[in-house]
Amino acid sequence: MRFSLNDFHRRRGTKFRLYAQSPVLEGFGEPETVWVSSPAGSLRPGPADGRMYAIQPLEKKPYGDETMPPFTGFCHPAARASRAGHFDHIGPDDPAFASVHMFGAVRRVLDVWETYLGGPVHWHFNITHPRLEMIAHVPWDNAHFGWGFMECGEGADDQGVERPFALNFDIIAHEAGHGMIFSIVGMPTPETLTASYRGFHESASDCVAMISALHFDRFVDHVLRVTDGNLYVENEMNRIGELSRTRQIRKASNALKLSDVIDVDTPANDVTGKQVHKLGQPHTGAIFDIMVEFYLDRLVANRVVEPDLIAALRAAGRREQFEKADQTLFTDAFARQPEGFRAALCEARDMLGLRLAETWRRLTPHDFVFSREVEMMLKVDAEFTGTRHRQMILECFEWRGISFEEHESSEH
Ligand SMILES: [Zn+2]
């Protein structure tokens with residue numbers, strides 16, 4: 001059974017046109033129409049609702065240490081819904097499109113994670129700012145999420161093409177991920193902030209973006225197409241990253257271990273932004289490996305491939321002889337029934353999303369260490385499905401050098 005947000009919100013929700021990935025990528029040139037959860041007709045000009053609003057300032061510098069929302073200067077007229085209450089009539093040629101796209105993309109990311117969390121994400125900044133302000137254009141070659149706002153500049157994307165970041169779903173979803181992680185896990189104090197928490201934040205935001213992107217059918221098809229459905233072997237050989245030009249998959253299927261990145265005991269403020277991003281990569285890799293394992297599990301459970309075939313691939317992996325292993329049975333199975341592979345990947349995505357959301361909800365941001373997340377994920381997973389995946393999850397983290405130490409369980 002494949003869960004689809006579009007089917008879930010069809011008819012009652014609101015339509016937007018979103019780019020699932022950079023439009024310079026093959027197959028992603030046109031934005032696709034998606035349904036978000038906002039009831040049709042409920043969105044005000046902006047778009048805007050009770051939790052967020054998009055504005056288009058005539059002129060504005062990026063927010064910094066001295067400035068805060070709300071923006072009070074002059075703005076272009078707000079985008080308006082169609083008579084039926086949708087925003088899909090605003091296409092890429094419309095000057096308001098970037099703003100509408102940004103709102104729709106953030107709403108979509110929230111829909112994904114609120115489904116997993118079973119309730120709304122309450123912004124961590126809502127004690128002072130009840131709504132998130134979204135600005136699709138500031139003169140800057142970056143994008144950021146801060147106290148009560150999210151704003152995007154423009155610059156070269158991962159394909160080297162200059163374009164507004166507000167049209168890049170990965171970047172918007174990653175920034176929205178920062179906001180959600182602050183809201184779900186929380187804000188440490190300067191004294192309790194660790195380098196690991198900073199790395200975790202980057203990684204979790206990447207995971208949010210990857211799982212959110214996997215809610216676009218076109219992106220699911222893309223991932224399966226570049227791997228011929230054989231996510232396991234391509235991931236083990238660290239080839240997905242080379243094959244796929246999409247940012248999230250390149251970052252997620254990495255081979256980095258904790259020993260390859262800066263020492264997690266480095267004081268949080270001594271770690272540069274670049275080091276922080278790298279520090280999160282082993283964690284992102286482990287999470288991606290877990291999703292691939294769930295995918296194999298579903299392929300077998302749904303009788304799309306034989307268990308013997310998976311066992312043979314694993315055995316070849318242990319001998320490091322994938323190149324010699326016969327993979328034609330696998331690719332033949334994919335050619336025969338791609339829909340079974342699509343369903344398995346979507347189920348794996350949701351198995352992971354549900355576990356991550358519940359794990360993050362139970363974490364504290366103070367004195368964060370990666371092993372505490374591992375411990376919590378094992379607990380959450382056990383509540384979902386018993387001990388069935390325990391060993392696999394442990395191994396995925398251990399291979400990355402993220403080990404789980406039993407004695408820490410009583411401390412927090
Ligand atoms: Zn980030």
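Structure report, in brief. Since we're looking at a predicted model, the values are computed, not measured.

Reading guide: rules and limits
Residues numbered from 1 in each chain as written. Predicted model: local features only at pLDDT ≥ 70, side-chain atom pairs only at ≥ 80, totals over all residues. Heavy atoms only, no water. Axes fitted to C-alpha atoms, helices over the stretch in contact; angles between N-to-C directions. Helix = DSSP H or I, 4+ residues; strand = E, 2+ residues; numbered from the N terminus. Parallel < 35°, antiparallel > 145°, perpendicular 65-115°, else oblique. Contact = heavy atoms within 4.5 Å. Nonpolar A, V, L, I, M, F, W, Y, C, P; charged D, E, K, R; others polar. Phe/Tyr/Trp six-rings, centres within 6.5 Å; stacked < 30°, edge-to-face > 60°. Buried < 20%, exposed > 50% of the residue type's maximum accessible area, 1.4 Å probe, protein only. Lys NZ or Arg CZ within 6 Å of the ring centre and 35° of its normal. 1 Å grid on protein atoms, 1.4 Å probe; cavity = no way out; pocket = protein on both sides within 12 Å on 5 of 7 lines; lining within 4 Å. Points joined across faces, edges and corners; volume = space filled by probe spheres on them. Domains from an automatic or database assignment. Expected span 1.5 Å × (residues − 1). Salt bridge = Lys/Arg side-chain N within 4 Å of Asp/Glu carboxyl O.

**Regarding the packing of helix H9 (residues 273-301) against helix H10 (residues 307-318)**
Okay, so step 1: One can describe the packing of H9 onto H10 by two numbers: an axis separation of 9 Å at closest approach and a directional angle of 150 degrees. Accordingly, the angle class assigned to the pair H9 and H10 is roughly antiparallel. Between H9 and H10, the contacting residues are Glu293, Leu296 and Val300 on the first element and Pro307, Ile310 and Arg314 on the second.
Okay, so step 2: Partitioning the contact of H9 with H10 into residue classes produces four nonpolar, no polar and two charged.

**Some thoughts on the packing of aromatic side chains**
Okay, so step 1: This structure, assessed with the given rule, holds 19 aromatic pairs.
Okay, so step 2: A ring pair is formed by Phe16 and Phe87, whose centres lie 5.4 Å apart and whose planes are at 15 degrees; its orientation type is stacked. Taken together, the residues Phe16 in strand E1 (residues 14-18) and Phe87 in the loop between strand E3 (52-55) and helix H2 (97-117) connect sequence positions 71 residues apart. This pair shows no difference in class: Phe16 is buried, exactly as Phe87 is.
Okay, so step 3: The ring centre of Tyr63 lies 3.6 Å from the NZ or CZ of Lys60, which sits over that ring.

**A short note on the layout of surface pockets**
Okay, so step 1: Space inside the largest pocket adds up to approximately 830 Å³.
Okay, so step 2: Elements that contribute at least two residues to the lining of the largest pocket include exactly strand E5 (143-146), helix H3 (169-184), helix H4 (195-213), helix H8 (247-252) and H9.
Okay, so step 3: Considering every element that reaches the lining of the largest pocket, the biggest residue donor is H3, with five residues.
Okay, so step 4: Tallied by class, residues from the lining of the largest pocket come to 12 nonpolar, 10 polar and seven charged.
Okay, so step 5: Two domains share the lining of the largest pocket, each providing at least three of its residues, namely domain 1 (5-184) and domain 2 (195-410).
Okay, so step 6: Quantified by volume, the second largest pocket comes out at close to 660 Å³.
Okay, so step 7: The wall of the second largest pocket is formed by 20 residues, among which Tyr232, Glu236, Asp289, Glu293 and Trp399 lie closest to the centre.
Okay, so step 8: Within the residue set of the lining of the second largest pocket, elements represented by two or more residues are helix H6 (231-236), H9, H10 and helix H14 (390-399).
Okay, so step 9: At four residues, H14 tops the list of elements feeding residues into the lining of the second largest pocket.

**Describing H4**
Okay, so step 1: A rise of 1.5 Å per residue sets the reference length of H4, with its 19 residues, at 27 Å; its end C-alpha atoms lie 27 Å apart and thus fit the reference within 8%.
Okay, so step 2: Counting buried positions along H4 yields 18 of 19 residues, so the element is predominantly enclosed.

**Focus: the pattern of salt bridges**
Okay, so step 1: Scanning the model with the defined rule gives 23 salt bridges in all.
Okay, so step 2: A salt bridge links Arg298 to Asp297; the shortest N-O distance between them is 3.0 Å. Both residues of the pair, Arg298 and Asp297, count as buried.
Okay, so step 3: Glu339 serves as the salt-bridge partner of Arg342, at 2.7 Å between the closest nitrogen and oxygen. Separated by three residues within a single helix, Arg342 and Glu339 lie in helix H12 (residues 338-362), roughly one turn from each other.
Okay, so step 4: The exposure class of Glu339 is partly exposed, given its relative accessible area of 37%.
Okay, so step 5: Bridged by salt links that share partners, the residues Arg51, Arg107, Asp111 and Glu114 form one connected network.

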